[in-house]
2 protein chains.
Amino acid sequence: MKTPSAAEEPRWLTEEEQRTWLAYVHGTTLLDDHLDRQLQRDAGMPHLYYHLLVVLSGAPQRRLRMTELAMHTKITRSRLSHAIARLEKNGWVRREDCPSDKRGQFAVLTEGGFETLEKSAPGHVAAVRQALFDRLSPEQQKALGEIMEIIAEGLQPKEAGADLPWLR
Amino acid sequence: MKTPSAAEEPRWLTEEEQRTWLAYVHGTTLLDDHLDRQLQRDAGMPHLYYHLLVVLSGAPQRRLRMTELAMHTKITRSRLSHAIARLEKNGWVRREDCPSDKRGQFAVLTEGGFETLEKSAPGHVAAVRQALFDRLSPEQQKALGEIMEIIAEGLQPKEAGADLPWLR
DNA sequence: TCTCTATTGTTCAAATTTCAAGAAGGGTGC
DNA sequence: GCACCCTTCTTGAAATTTGAACAATAGAGA
């Protein structure tokens, strides 16, 4: 008979799981750092900020409500508020009031923001290629996509009350 | 004849590559956030700090030179200095002078730090399992480990002059 | 020994992120 | 209209991270 569930010995990671997890932490830490530096150097902003511009550039009329943008980028609205404020100072984004909801704000990619994006996109793509795609076989690329989609989906449960960053 | 290489059209990501990359960004962003919150709630520290304790606990005599610890965790010495200072305030780590190199410092896991680790480890492992391993097939786990090792290796070139965080 | 360069680790200030709180509008039921 | 709760977004302070500069020591070579 086993001990009560509250005192159950946790299922530790196997050695192979530990290796996998450590590789995950190392790989993501190094890649984050690498892209943040590359973009800070070549575009004057960290990766997240660059990604915000990318998402805006692909949205209808290059604009998105704050909460939607937070949702698309998987971050909190607070973090987004600060980030947009900074991008606004750079002249790369401007805010616009939402006509149908007086609480709402649009983040709009400016022409200057778009140009900055165009200038820095080649370097960024090259960095992602060099660090990631150029090193992986087609099978590994496919696997990585599937794996990351599973992880992302798992952390965004559909149920009400889920702890999602953009609802905090 | 093609245009000079400096003006070469960059190799943009294919649609599938874009999906993979977006999934990567989403998955890692959400998982980072998830673990930081879980550990902040249950152990009173972010994931990196927890990981520092883990690495120290596995080192000989539960101690490591600062630069070694930075190397093991893929971060800069500056970041590590701040982190260790905070962990020291918590009583989870202490510093010790290195007898053979007067510049050197050891970060040493204290008994209190070890106990904190023991208390929070089950919850952390459970979170990693739930978010990652429980959702992936054995093949996917294997693939993820291999992929992340490739990425990590690629970002740590052996050549002199490489831009490694712990040498900055 | 002396000099020059490299390594080690820290520090300050600026930038970013987190967290808790709050202002303001929307929407429902009465 | 009003009371109530929810959503939207922002704000300020604390925590963390980055980047540059620095002091101290190590190590190599003349």
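Our subject is the structure that appears above.
No experiment lies behind these values; they were computed from the predicted model shown.

### Concerning the overall build of chain A
Within chain A, the regular secondary structure consists of six helices and three strands. Computed over the C-alpha atoms, the radius of gyration of chain A is 20 Å, more than 25% above the 15 Å expected from 2.2 N^0.38 for a compact globule of 168 residues. Across its three principal directions, the C-alpha atoms of chain A cover 65 × 40 × 25 Å. Within chain A, the fraction of its 168 residues that count as buried is 48%. Restricting to contacts in chain A with at least 6 residues of sequence separation, those with at least 24 account for 54%. Carbon and sulfur atoms form 51% of the exposed surface of chain A, whose accessible area is close to 9,100 Å². Averaging the coordinates of the 23 positive side-chain charges in chain A and doing the same for the 24 negative ones gives two points 6 Å apart.

### Considerations on the sheet that holds strand β1 (residues 63-65) of chain B
Residues and elements named next belong to chain B. Across the sheet, which stays open at both edges, the three strands sit in the order β1-β3-β2 with antiparallel pairing between neighbours. At either margin of the open sheet sits one strand with a lone partner, and together these are β1 and β2 (93-97). Strand-to-strand twist of the sheet, defined as the mean angle between neighbouring strand axes without regard to direction, takes the value 30°. With three bridges connecting them, β1 and strand β3 (residues 105-109) associate as antiparallel partners.

### Points about the pattern of salt bridges
Going through the model one piece at a time under the given rule, you end up with 26 salt bridges over all chains. With a shortest N-O distance of 2.9 Å, D42 of chain B and R41 of chain B are connected by a salt bridge. Residue R41 of chain B is classed as exposed on the basis of its relative accessible area of 62%. In the salt-bridge network here, residues are joined through shared partners; they are D33 and R37 of chain A together with D163 and R168 of chain B.

### Considerations on the packing of helix α2 (residues 47-57) of chain A against helix α3 (residues 66-73) of chain A
The description of two packed helices rests on the angle between their axes and on the distance between the axes. All names here are of chain A. Across the interface, α2 lies against α3 with an axial gap of 10 Å and an inter-helix angle of 115°. In this view, α2 runs roughly perpendicular relative to α3, as classed from their interaxial angle. Between α2 and α3 lies a crossing of right-handed hand. From α2, H51, L52, V55 and L56 reach across to α3, where they touch L69, H72 and T73. Along the lines of polarity and charge, the residues of the contact of α2 with α3 split into four nonpolar, three polar and no charged.

### A few points about the relation of the copies chain A and chain B
With an RMSD of 0.0 Å, the operation that places chain A on chain B is a rotation of 180° combined with a shift of 0.0 Å along the axis. In symmetry terms, the pair is related by a two-fold rotation axis. Mapped onto chain B, 100% of the interface residues of chain A are again interface residues, and the two copies thus contact each other with one and the same surface.

### Thoughts on the protein's contact with DNA strand D
What surrounds DNA strand D is a group of 22 residues, the closest being T67, S81, R95 and R103 of chain A together with R79 of chain B. Between DNA strand D and R103 of chain A, the relevant distance is 2.6 Å, taken from a base oxygen to a side-chain nitrogen or oxygen of the residue. In the environment of DNA strand D, a phosphate oxygen lies 3.1 Å from a nitrogen or oxygen atom belonging to the backbone of Q105 of chain A. Broken down by secondary-structure element, the contributors of at least two residues to the surface near DNA strand D are α3 and α4 (77-89) of chain A together with α2 (47-57) and α4 (77-89) of chain B.

### Describing the layout of surface pockets
In this structure, the largest pocket occupies an estimated 1,200 Å³ of space. Taken together, 43 residues make up the lining of the largest pocket; nearest its centre are D32, D36 and R79 of chain A together with D32 and R79 of chain B. Elements with a contribution of two residues or more to the lining of the largest pocket: α1 (15-43) and α2 of chain A together with α1 (15-43) and α2 of chain B. Here the element with the most residues in the lining of the largest pocket is α1 of chain A; it accounts for ten residues. A per-class count over the lining of the largest pocket returns 19 nonpolar, twelve polar and twelve charged.

### Some words on the environment of M148 of chain A
With respect to the element layout, M148 of chain A can be found in helix α6 (residues 138-154). Judged by relative accessible area, M148 of chain A falls into the buried class, the value being 0%. Not counting the four nearest positions on each side in its chain, M148 of chain A is found in contact with Y24 of chain A together with A23, Y24, G27, T28, L144 and M148 of chain B.

Parameters at a glance
- Residues numbered from 1 in each chain as written.
- Chains lettered and ligands numbered in written order.
- Predicted model: local features only at pLDDT ≥ 70, side-chain atom pairs only at ≥ 80, totals over all residues.
- Heavy atoms only, no water.
- Helix = DSSP H or I, 4+ residues; strand = E, 2+ residues; numbered from the N terminus.
- Rg over C-alpha atoms; globule rule 2.2 N^0.38 Å.
- Buried < 20%, exposed > 50% of the residue type's maximum accessible area, 1.4 Å probe, protein only.
- Contact = heavy atoms within 4.5 Å.
- Areas by Shrake-Rupley, 256 points an atom, 1.4 Å probe, with all protein chains shown as cover.
- Lys, Arg positive; Asp, Glu negative; His and termini not counted.
- Charge placed at Lys NZ, Arg CZ, Asp CG, Glu CD.
- Pairing = 2+ DSSP bridges.
- Axes fitted to C-alpha atoms, helices over the stretch in contact; angles between N-to-C directions.
- Salt bridge = Lys/Arg side-chain N within 4 Å of Asp/Glu carboxyl O.
- Parallel < 35°, antiparallel > 145°, perpendicular 65-115°, else oblique.
- Left-handed = near helix turned anticlockwise from the far one by under 90°.
- Nonpolar A, V, L, I, M, F, W, Y, C, P; charged D, E, K, R; others polar.
- Least-squares fit on C-alpha atoms with pLDDT ≥ 70 in both.
- Near = heavy atom within 4 Å.
- Polar contact = N/O pair within 3.5 Å; in protein donor to acceptor, adjacent residues only side chain to side chain.
- 1 Å grid on protein atoms, 1.4 Å probe; cavity = no way out; pocket = protein on both sides within 12 Å on 5 of 7 lines; lining within 4 Å.
- Points joined across faces, edges and corners; volume = space filled by probe spheres on them.

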